[in-house]
Amino acid sequence: MPKEERQELRRSQKKRKKSRKKRVIRNIFLIVILLLLIPAAYAGYLYVKAGNLANDSYQDDGRDKSSLRDSAVDPAKDSVSVLFIGSDSSEKRENQNIGKRSDTMILATFNKDEKSIKMLSVPRDTYTYVPYLERNTKINSSYNGGPTATVEAVEELLQVPVDYYLDVNFEAFISVVNALDGVKVDVPYELEEMNSKDEKGAIHLQPGVQKLNGEEALALARTRKQDSDFARSERQQQIIKAMMDKATDLSSVLKYSDLLEAVGSNMQTNMTFDEMKSFVSYGVNNKLSMETIQLEGQGGTGIVPGYGAWAFVPDPTSLANATQTLRDQLELPALDSSTPTTSP
């Protein structure tokens, strides 16, 4: 091959190499851009979707603040409390015109500085004064007046301000667990329990650590046939912690759309979307600590004079200690020793 042709061939080969190199660099650049844009687009989609859901779920409870607060709170700056209400709104209750009940009540206090959460389960059969009914009875009957009436009853019992409530029915609980692809918990014993449609014996679980679907997790959270309200409260808190751990894990990011769909129209709250966003810092904090608190007391039929139904009566010392722990978490002053924690 003549010298000129060899030089021309080498120049041509160099141009092709440079061209391929430019294409590779360009393609890498495009891939990087896509990797940045796709999550951003997904996050934007979730943001809009969450905002729409929050707007649909928002219920103005007519309160600027809790009556136990001196001033309104801002969750972006203050330590606040949220009452999680699991309400029983099954078709069977509606068809039989049976009053709705709050099957689960968990008061969670969020400390902004420490990034910590303390949770107290309030047994549904706790005998206390219910302002909505203007008499002493089981606290879960307060839900006949709606979530705000339940908030007032919990405040009356604990003397701890309830700043926000999150009321979800059984359908939302089941759907969220399923959207998370189940949760791993420890089933303490073999149990047979009804499902969300009140079909007896529909759920059958063996003891041991295992992954439960929505219906199974609900059955475990509701049962108390073989133990007590204390054990039931512990199980509910265990399940909620498992759900929170799974939801805040990076592997669940792509499930967030399903989680939002799961909640759908099955949630009511007095929390605005802006207020909800203030809680994100707890979910992304690697040092987040969670502590559970239990109310001790006595339960039984006829334990309250003149009240023949089964009821739970908190131990005064246990109740006072729980109140103080939650008020400390909210950075509130201690109650005066003469202040009663329940109405007579």
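Refer to the structure printed above.
Calculation notes
- Note on numbering: residues in each chain are counted from 1, in written sequence order.
- Local features in this predicted model are restricted to residues of pLDDT 70 or higher, and side-chain atom pairs are both shown and tallied only at a pLDDT of 80 or more, whereas totals for entire chains, interfaces and linings draw on every residue.
- Excluding hydrogens and water, the side-chain figures rest on all heavy atoms present in the structure.
- A pocket, in this scheme, is an open set of points on a 1 Å grid over the protein atoms alone with protein on both sides within 12 Å along at least 5 of 7 lines, while a cavity is a set where a 1.4 Å probe fits but cannot get out; residues line either one if an atom lies within 4 Å of a point.
- Grid points are joined across faces, edges and corners, and a volume is the space filled by probe spheres set on the points.
- Every helix listed is a DSSP run of H or I at least four residues long, and every strand listed is a run of E at least two residues long, numbered separately from the N terminus.
- Classes in brief: Ala, Val, Leu, Ile, Met, Phe, Trp, Tyr, Cys and Pro nonpolar; Asp, Glu, Lys and Arg charged; the others, Gly included, polar.
- When a carboxyl oxygen of Asp or Glu is within 4 Å of a side-chain nitrogen of Lys or Arg, the pair counts as a salt bridge.
- Exposure is judged per residue with a 1.4 Å probe applied to protein chains only, and the accessible area is read against the type maximum: over 50% gives exposed, under 20% gives buried, and values in between give partly exposed.
- Every angle, taken between N-to-C directions, lies between 0 and 180 degrees, and every axis is a line fitted to C-alpha atoms, over only the stretch in contact when it is a helix.
- When an angle is under 35 degrees it counts as roughly parallel; over 145 it counts as roughly antiparallel; between 65 and 115 it counts as roughly perpendicular; any other value is oblique.
- Should the near helix be turned anticlockwise from the far one by less than a right angle, the crossing is termed left-handed; should it be turned clockwise, right-handed.
- Throughout, a contact is declared for two residues whenever any of their heavy atoms are within 4.5 Å.
- Any two strands between which DSSP finds at least two bridges are classified as paired.

Visitor: Tell me what's going on with empty space enclosed by the protein, and back it up with residues and numbers.
Guide: This structure, assessed with the given rule, holds 1 cavity of 30 Å³ or more. Here the largest cavity defines a volume of roughly 50 Å³. Taken together, Asp103, Thr104, Met105, Val122, Pro123, Arg124, Asp229, Arg232, Ser233 and Gln236 form the lining of the largest cavity. Every element with two or more residues in the lining of the largest cavity is listed here: strand E2 (101–111) and helix H6 (229–247). Among the elements that line the lining of the largest cavity, the one with the most residues is H6, at 4 residues. For the lining of the largest cavity, a count of residues per class yields 3 nonpolar, 3 polar and 4 charged.

Visitor: Quick one: what's the story with the pattern of salt bridges, residue by residue and with numbers?
Guide: Counted by the stated rule, this structure contains 7 salt bridges. Residues Arg63 and Glu155 are paired through a salt bridge, measuring 3.5 Å at the closest nitrogen-oxygen approach. Here the residue Arg63 occupies a position in the loop between helix H1 (3–57) and strand E1 (80–88), and Glu155 occupies one in helix H3 (residues 147–158), the gap between them amounting to 92 residues. Residue Glu155 is classed as buried on the basis of its relative accessible area of 5%. For Lys138, the salt bridge is made with Asp125, and the minimal N-O distance between the two is 3.5 Å. On the criterion of sequence distance, the pair formed by Lys138 in strand E5 (residues 135–138) and Asp125 in the loop between strand E3 (116–121) and strand E4 (127–130) is long-range, its members being 13 residues apart. Of the two residues, Lys138 and Asp125, both sit in the buried class. Within this structure, Asp61, Arg63 and Glu155 form a network of salt bridges that share partners.

Visitor: Can you explain the packing of helix H4 (residues 170–179) against helix H5 (residues 214–222)? Please cite residues and give values.
Guide: What describes two packed helices is the angle between their axes and the distance between those same axes. It is the contact of H4 with H5, at a shortest axis distance of 8 Å, that shows an interaxial angle of 125 degrees. It follows that H4 is oblique to H5 by the angle criterion. Crossing of H4 against H5: the hand is right-handed. Residue-level inspection shows Phe170, Phe173, Ile174, Val177 and Asn178 of H4 in contact with H5, the latter providing Gly214, Glu215, Ala217, Leu218 and Arg222. Grouping the constituent residues of the contact of H4 with H5 by class yields 6 nonpolar, 2 polar and 2 charged.

Visitor: Now, about the pairing of E1: what can you tell me, with residues and values included?
Guide: The buried fraction of E1 amounts to 8 of the 9 residues, a majority that puts the element mostly inside the structure. Where E1 lies against strand E6 (residues 164–169), 6 bridges are found, and the strand directions are parallel. If you follow Val82 over to E6, its bridge partner there is Tyr164.

Visitor: Report on the environment of Phe110, specifying residues and quantitative values.
Guide: Considering the arrangement of structural elements, one finds Phe110 in strand E2. Linking Phe110 and Phe279, residues 169 residues apart in sequence, is a C-alpha distance of 8.8 Å. If we ignore the near neighbours within four places in the chain, the residues touching Phe110 are Ser79, Val80, Val82, Ser116, Ile117, Phe279, Tyr282, Gln329 and Leu330.

Visitor: Outline the packing of H5 against H6, listing residues and values.
Guide: The geometry of H5 relative to H6 is characterised by a closest axis approach of 8 Å and an angle of 150 degrees between their N-to-C directions. Between H5 and H6, the crossing angle belongs to the class labelled roughly antiparallel. Seen from H5, the contacting residues are Ala217, Leu220, Ala221 and Arg222; seen from H6, they are Arg232, Arg235, Gln236 and Ile239.

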